[in-house]
Amino acid sequence: MSNQISDILQLADQAIATDIEAVLATVVHIEGSAYRKPGAMMLICADGQSVGMISGGCLEPHIIKKALWLTRNGPVVQVYQTGEDLTEEGAAKTQAVDDIEFSIQTELNFGLGCNGRVHVLFERLDTAKAYLKMIKQVRQTQQPVTMATLIRSQEASHPVGLHVQLTSDFKAVQVASANSITADCDELINQAIQSLSAKYVSAKHTASGLTQKPTDFATITSVAQQDITQPVQTQWLVQQLQPQKRLLICGAGNDVHPLVRLAKMQDWHVTVIDSRSHYATRSRFMEADQVQCVPLEDTQTLLALSQNAAVAVMSHSLTQDRARLQVLLANPPLYLGQLGPKYRTERLIDEIKQAYQGDVNGLEQGISQLYYPIGYKLGGDGPEALALGVMAQISAVMHGKEKTLSASKNAREVDYPSQPKIASDRRYKDRWAAQ
């Protein structure tokens, strides 16, 4: 899934409401080097408005000019070559689409030096709106959905741009099609969908423990009963449509503003909470999706908001941080980070353990997963630098990349005194103790 999805959904709703023609352009396959991954989208409206990107800005001017013309006869896949030829390394990394005989649109060579090919599906909004509605549903329900989109077929009557939801019971749920052929009435298409379901969403696939990639490129061979000597091959983009990534910020101080902005730039769902009603106000955080005043004793709301979310605890209050951490350490979210120096967080952990009513061992998993001080130390000063480091660390953890980067080290991994050694630090700690 690409960024700017919220903007694409919003512009699509506006275009439908005002009856303006529009085209959805989606990267469905790449070969060699490409700026965007499959699933990246762009919406182009007839009134000149557009949003989203399918390249680094190189292909967009051409696409904006040609999108409506390209789709005059229905959905179509266009191939853009971004270099003179694919390098041997680039060719080795990709599953070539030319291994089977397909009627591929004439390639347009942009000579950008990237040495890749980008396959783009163009479809009118009338056809694509049901697909966009499915994306919106996933974001609202927080339930992922696996979709298959027909890119090419050796059978000319098959509708390029057919969107189908794959289900574990092998019953295809058609989402959108540009012509009268449907997934359940065409034998070859139905066979292909059965194969895709078995590979990506069947109970056997789920039981195997394999992690499904966000997108995949699949070539399926089907055979009609009336002519078993003529197999037909189809190519599909398979996507696991995921809900928005969610960020919960516990604390509504002024240093939270840059973090909210950076998260929204990544199209994350952002919630800001604080127990102080004069801090947690909508007028202070207009860009956030939710702003709530949540009392410290309201653990159910905290647990609900932290489910499937990254959580940043940064209230600058020992009382608030202690109350939030006590709940979150016992119920670890996808990511948990605590603002402040190590010895401050160590103190909070010790106090939480001493006051904990249940089995203290139940906190160990949360403690081992706690990032403190929160964020990567990238240099710089101020809330903006802090927000950049926090978002970098959260993104790395959420995408499973933290092992390749220099993460903040847990207090268990570093011999750092839990008690301040200098007088100024002692006075600072005494001042905290009075809160």
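Refer to the structure printed above.
The following paragraphs examine the structure supplied in this document.

What counts as what
- Residues numbered from 1 in each chain as written.
- Predicted model: local features only at pLDDT ≥ 70, side-chain atom pairs only at ≥ 80, totals over all residues.
- Heavy atoms only, no water.
- Helix = DSSP H or I, 4+ residues; strand = E, 2+ residues; numbered from the N terminus.
- Buried < 20%, exposed > 50% of the residue type's maximum accessible area, 1.4 Å probe, protein only.
- Contact = heavy atoms within 4.5 Å.
- Areas by Shrake-Rupley, 256 points an atom, 1.4 Å probe, with all protein chains shown as cover.
- Pairing = 2+ DSSP bridges.
- Salt bridge = Lys/Arg side-chain N within 4 Å of Asp/Glu carboxyl O.
- Polar contact = N/O pair within 3.5 Å; in protein donor to acceptor, adjacent residues only side chain to side chain.
- Core = buried A, V, L, I, M, F, W, Y, C linked by side-chain atoms within 4.5 Å.

### Some points on the overall build of the protein
Per the secondary structure count, the protein includes 13 helices and 17 strands. Counting all 435 residues of the protein, 48% fall into the buried class. In the protein, of all internal contacts separated by at least 6 residues, the share reaching a separation of at least 24 is 67%. Accessible surface, the protein: about 21200 Å² in total, of which carbon and sulfur atoms supply 49%.

### Quick word on the environment of Ala198
Structurally, Ala198 is set in helix H5 (residues 187-200). With a relative accessible area of 38%, Ala198 lands in the partly exposed category. Once the C-alpha coordinates of Ala198 and Asp169 are considered, the two residues, 29 residues apart in sequence, prove to be 9.0 Å apart.

### What about the sheet that holds strand S17 (residues 370-371)?
Strand order in the open sheet made by the six strands is S14-S13-S12-S15-S16-S17, with parallel pairing throughout. Edge strands, defined here as strands with exactly one partner in the open sheet, are strand S14 (290-293) and S17. As paired strands, strand S13 (residues 269-274) and S14 are joined by four bridges and run parallel to one another. Bridging from a neighbouring strand, Ile273 pairs with Gln292 of S14.

### Description of the pattern of salt bridges
Enumeration over the complete set of coordinates arrives at 10 salt bridges. A salt bridge links Glu21 to Arg124; the nearest nitrogen and oxygen atoms lie 3.2 Å apart. With Glu21 in the loop between helix H1 (5-17) and strand S1 (22-32) and Arg124 in strand S6 (residues 116-124), this residue pair connects regions lying 103 residues apart in the sequence. Take Glu21: its relative accessible area is 38%, and that puts it in the partly exposed class. Residue Glu31 is joined to Arg117 by a salt bridge in which the shortest nitrogen-to-oxygen separation is 3.0 Å. Highlighted residues: Glu31 in strand S1 and Arg117 in strand S6, separated in sequence by 86 residues. A network of salt bridges, in which partner residues are shared, links Arg322, Arg347 and Glu351.

### A look at the environment of Ser6
With respect to the helices and strands, the residue Ser6 is situated in helix H1. Remark: the alpha-carbon pair of Ser6 and Arg139, spanning 133 residues in sequence, is separated by 9.8 Å. A distance of 2.5 Å separates the side chain of Ser6 from the side chain of Arg139, its partner in a polar contact.

### With respect to the nonpolar core
Judged by nonpolar contacts, the single largest core of 26 residues is most densely connected at Leu247, Ile249, Leu259, Val260, Val272 and Phe285. For this core, the elements supplying multiple residues, two or more each, are strand S12 (246-250), helix H7 (257-265), S13, strand S15 (310-313) and helix H12 (383-398). Setting aside anything within four residues of it in sequence, one finds Val272 in contact with Ile249, Gly251, Ala252, Val256, Val260, Phe285, Ala288, Gln290, Val291 and Gln292. Listed in part, the 22 residues of the second largest apolar core include Ala22, Met41, Val51 and Val138.

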